[in-house]
Amino acid sequence: MATGMDVLNLSIGGPDYLDLPFVEKVWELTANNIIMVSAIGNDGPLYGTLNNPADQSDVIGVGGIDYNNHIASFSSRGMTTWELPHGYGRVKPDVVAYSRDIMGSKTSTGCKTLSGTSVASPVVAGAVCLLVSVIPEDKRKSILNPASMKQALVEGASKLVGPNIYEQGAGKPDLWQSYEILKNYQPRASVFPNMLDFTDCPYFWPFCRQPLYAGAMPVVFNATILNGMGVIGYVKDPPVWQPSEDVGNLLTVHFTYSDTIWPWTGYLALHMQVKDEGSQFSGIISGNVTLSIYSPAAEGESSPRSSTCVLYLKVRVVQTPVRSRRILWDQFHNIKYPSGYVPRDSLNVNNDILDWHGDHLHTNFHILFNMLRDAGYYIETLGSPLTCFDASNYGTLLMVDLEDEYFSEEIQKLRDDVVHKGLGLAVFAEWYHVDTMVKMTFFDENTRSWWSPLTGGANIPALNELLAPFGIAFGDKILSGDFSINGEQSHYASGTDIVQFPAGGFLHGFELQEDPKTAQNSSTPDTQNSQSQEKSKLSSILGMLEAGEGRIAVYGDSNCLDSSHMVTNCYWLLRKIVEFAGNGLRDPVLFSEATRLKFPVFENTQKPLRRPDVNFSMFSSVIGKELICHQDSRFEVWGTKGYGIQPTGTTRKLPEYQKNEVSSSPNRLIKSSYKRQDEAGLQKSILAPSANKFDDKRDYFGFISHEEVASQWMVPACFAVTTCILVYLSCRAQQRRRRPRKGSATGRLSSSV
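I will try to describe carefully the structure that is included in this document. Bear in mind the structure is a predicted one, so any value in this text is a computation, not a measurement.

Rules used in this analysis
Residues numbered from 1 in each chain as written. Predicted model: local features only at pLDDT ≥ 70, side-chain atom pairs only at ≥ 80, totals over all residues. Heavy atoms only, no water. Helix = DSSP H or I, 4+ residues; strand = E, 2+ residues; numbered from the N terminus. Contact = heavy atoms within 4.5 Å. Areas by Shrake-Rupley, 256 points an atom, 1.4 Å probe, with all protein chains shown as cover. Expected span 1.5 Å × (residues − 1). Buried < 20%, exposed > 50% of the residue type's maximum accessible area, 1.4 Å probe, protein only. Pairing = 2+ DSSP bridges. Axes fitted to C-alpha atoms, helices over the stretch in contact; angles between N-to-C directions. Parallel < 35°, antiparallel > 145°, perpendicular 65-115°, else oblique. Left-handed = near helix turned anticlockwise from the far one by under 90°. Nonpolar A, V, L, I, M, F, W, Y, C, P; charged D, E, K, R; others polar. Salt bridge = Lys/Arg side-chain N within 4 Å of Asp/Glu carboxyl O.

**Side note on the overall build of the protein chain**
When its secondary structure is counted, the protein chain shows 15 helices and 30 strands. Put simply, 77% of the contacts in the protein chain that link residues at least 6 apart link residues at least 24 apart. Element-wise, carbon and sulfur atoms account for 52% of the exposed surface of the protein chain, whose accessible area totals about 32,000 Å².

If you want it as structure tokens, here you go:
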């Protein structure tokens, strides 16, 4: 800013888009009319791996291609993950450029080649400088700015054949076309992309892979507003959906957008939902979305600047699918980095300690999404509490690798949805071991604070509460190894075990290797030596159960579904689980009589407990928050508590942690009487709050009345109660027959007993 720089290239980046000192400095730079170009990252081919600052809308984010116009394997893919779990990410990268074997000068003398988006970014920065140079100097400051330059680049770019929009953005820059746009440029606003053709595959993946239909969760697309009229702007009037034909009135489009467009950019989210009267309609719906943007008058002008933006929309609609083919993905209970320190799911991966890819169907679970679509399933996303969906519309609720807590209303509703409404429930858990989490603590030099994991790979204590009404619980073992079912090979990567399961269910165990640390914690001194010599032991990891009208399947690992660090996929297992949960189809191998439980499984070990030394509420969407349906749920429940919930809900609090006013560092580990000398030489003391543990022994029959409990659950319980009564009566009879003299020692002992 001090030197009057026009263009700045940054071939650096990282996953922390909440690093506010850095992010705010980028905003300050672009607000001062410096055009910033930045590399999108080299974490491809994984999705949801965009780096900051290239993922900011005011920055030109550049991905990489090779000389054959193929997306470079290392180039990071979108979407942005800022908006998750309640919304949907923006399109990034903006453009792509050559990034493999690029010739450049050495710092000393001669030339060398480099590869990476770090060399693609300066290629685009050079193109931007050329475009700046052809504009007369006396007009540059009035015409050129971060928004107008991005408009010229994305509108003039050439779309590549093959890659989708979250791989290539607008495509490869076309210098001449961008020059033609700038040559006669008049300050205006626009929307990127300005055409949403959801019939164009694969470019508009994932929207082109699944059509819209009545009764579904809204389909959300997050577009970017580019305001070339000024650094600050506003939406003048609410956007309007104008269908091209009468049949387009079957589509309802709601909008959310930036209150203030600054610096130079904002967002426009389309929430699309087919009306109920369109449940039997099949066909194409198209039309335009229009919105007006205005900015304060520029220097020398007397009236505000205004511009009308037009966004073309085309979608495919089909008849509402049958219930058994519809799957709902729980996105709401996901916590990611940033801002919370959520550790990786696979502990065998040492070069990536954070879970930062979004855990969304269209990021690191995008292959799972494609697989389910290929199998004929329709998958919708829920970014709101479990009270915000109508279970009668869905065959399966899919809960994978979840870290957040649950409202008590959610636990109650899910139990009712399964038992009474026939909802299928499929849960894929992850490791959870407190000692392992503590050992992953590190001191972060940037924030000058201790960072400790909020939870394990998944929040097992919370999942156990959710599954308690069905008599199911996970343990805290960390298991790894390979196994096969009917010839299908699978790899178990840092998963957990099942320690409680009701009679009548089907439970599968395999020889897996247990992490030595968890083995020592779960063993007695007499058995530690023998266990240390064993390479593996039998552990229960897969269970399936019919519960009332519904069905439940649980599995202790999710790495086999996650593209991030997958060794071997288990999509074959997911298909069989979904067939059972959603349609009641039983695989003969998974449901063999040899795996049916005649008696309930209840391992005599303490269930995993929550950490009392971490302020979980700072990152949770549940703890201390209000139960409310967000704008990714059905329009009719926006802003309410959902289906069948009374309006007098209460926010939930964890009894383990009481807010400590001394410290508010987001990831700081709270240690008892912990002191350190800060840079100013001042001692800061952080006292650990009192811990009141949840009662993990609560009876899972508490939510189910005696008429609703399956007989296989009640028989063992009735047998146990009857046995206790008979023993008690027998003891009383013996006591009466051998009653000692009054006042004797034996008499006092008997009375005491």
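From this point, the discussion proceeds with the structure in view.
**Brief notes about helix H8 (residues 408-419)**
Helix length check: H8, at 12 residues, gives a terminal C-alpha distance of 17 Å against a target of 16 Å (1.5 Å per residue), a fit within 8%. Along H8, the positions that sit buried rather than exposed are Glu409, Glu410, Ile411, Lys413, Leu414, Arg415, Asp417, Val418 and Val419. Where H8 is buried, its residues meet strand S17 (396-400), strand S18 (424-428), helix H10 (460-467), strand S26 (537-547) and strand S27 (550-555).

**Focus on the sheet that holds S17**
Strand order in the open sheet formed by nine strands is S16-S15-S17-S18-S27-S26-S25-S22-S23, with mixed pairing between adjacent strands. With one partner strand each, in any of the chains shown, strand S16 (378-382) and strand S23 (488-495) form the two edges of the open sheet. Taken over all neighbouring pairs, the strand axes of this sheet differ in orientation by 25° on average, direction set aside. In this sheet, S23 lies alongside strand S22 (residues 479-485) in antiparallel orientation, the contact comprising six bridges. Note on S23: the bridge partner recorded for serine 484 is glutamine 489.

**With respect to the sheet that holds strand S21 (residues 473-474)**
What the three strands build is an open sheet, ordered S21-S24-S28; its pairing is antiparallel. The sheet is open, and its two edges are formed by S21 and strand S28 (601-602), each paired on a single side. For strand S24 (residues 498-501) and S28, the ladder comprises two bridges, and the chain directions are antiparallel. Its bridge partner lying in S28, glutamine 500 is registered against phenylalanine 602.

**Points about unusual backbone geometry**
Omega for the peptide link from glycine 44 to proline 45 comes to 5°, which places this bond in the cis form. Turning to its location among the elements, proline 45 is positioned in the loop between strand S2 (35-39) and strand S3 (60-65). A cis amide bond, omega -15°, links tryptophan 262 with the succeeding residue proline 263. Here proline 263 shows up in the loop between strand S11 (251-257) and strand S12 (265-274). The residue aspartate 401 is not glycine, and still its phi comes out positive at about 55°. Relative to the helices and strands, aspartate 401 is located in the loop between S17 and H8. Look at asparagine 486: it is not a glycine, yet its phi comes out positive at around 55°. Considering the arrangement of structural elements, one finds asparagine 486 in the loop between S22 and S23.

**Describing the packing of helix H4 (residues 146-156) against helix H6 (residues 175-183)**
Two measures define how a pair of helices packs: the angle their axes make with one another and the distance between the axes. H6 packs onto H4 with a crossing angle of 135° between their chain directions and a minimal axis gap of 8 Å. Between H4 and H6, the interaxial angle falls into the category oblique. In this structure, the crossing between H4 and H6 has a hand that is right-handed. On H6, the residues that touch Ser148, Met149, Ala152, Leu153, Glu155 and Gly156 of H4 are Gln177, Ser178, Ile181 and Leu182. Tallied by class, the residues present in the contact of H4 with H6 amount to five nonpolar, four polar and one charged.

**A few points about the side chain of asparagine 459**
Position of asparagine 459 relative to the elements: it lies in the loop between strand S20 (449-451) and H10. Asparagine 459 gets classed as buried once you look at its relative accessible area, which sits at 2%. With residues up to four places along the chain from it excluded, the contact list for asparagine 459 reads Leu402, Glu403, Asp404, Glu405, Tyr432 and Phe616.

**Here's the deal with the pattern of salt bridges**
Summed over the entire model, instances satisfying the criterion amount to 25 salt bridges. Between aspartate 94 and lysine 150 there is a salt bridge, and its shortest N-O distance comes to 3.3 Å. Here the residue aspartate 94 occupies a position in the loop between S3 and strand S4 (95-98), and lysine 150 occupies one in helix H4, the gap between them amounting to 56 residues. Residues glutamate 380 and arginine 326 are paired through a salt bridge, measuring 3.0 Å at the closest nitrogen-oxygen approach. Taken together, the positions of glutamate 380 in strand S16 and arginine 326 in strand S15 (residues 326-330) put the pair 54 residues apart, joining distant regions of the chain.

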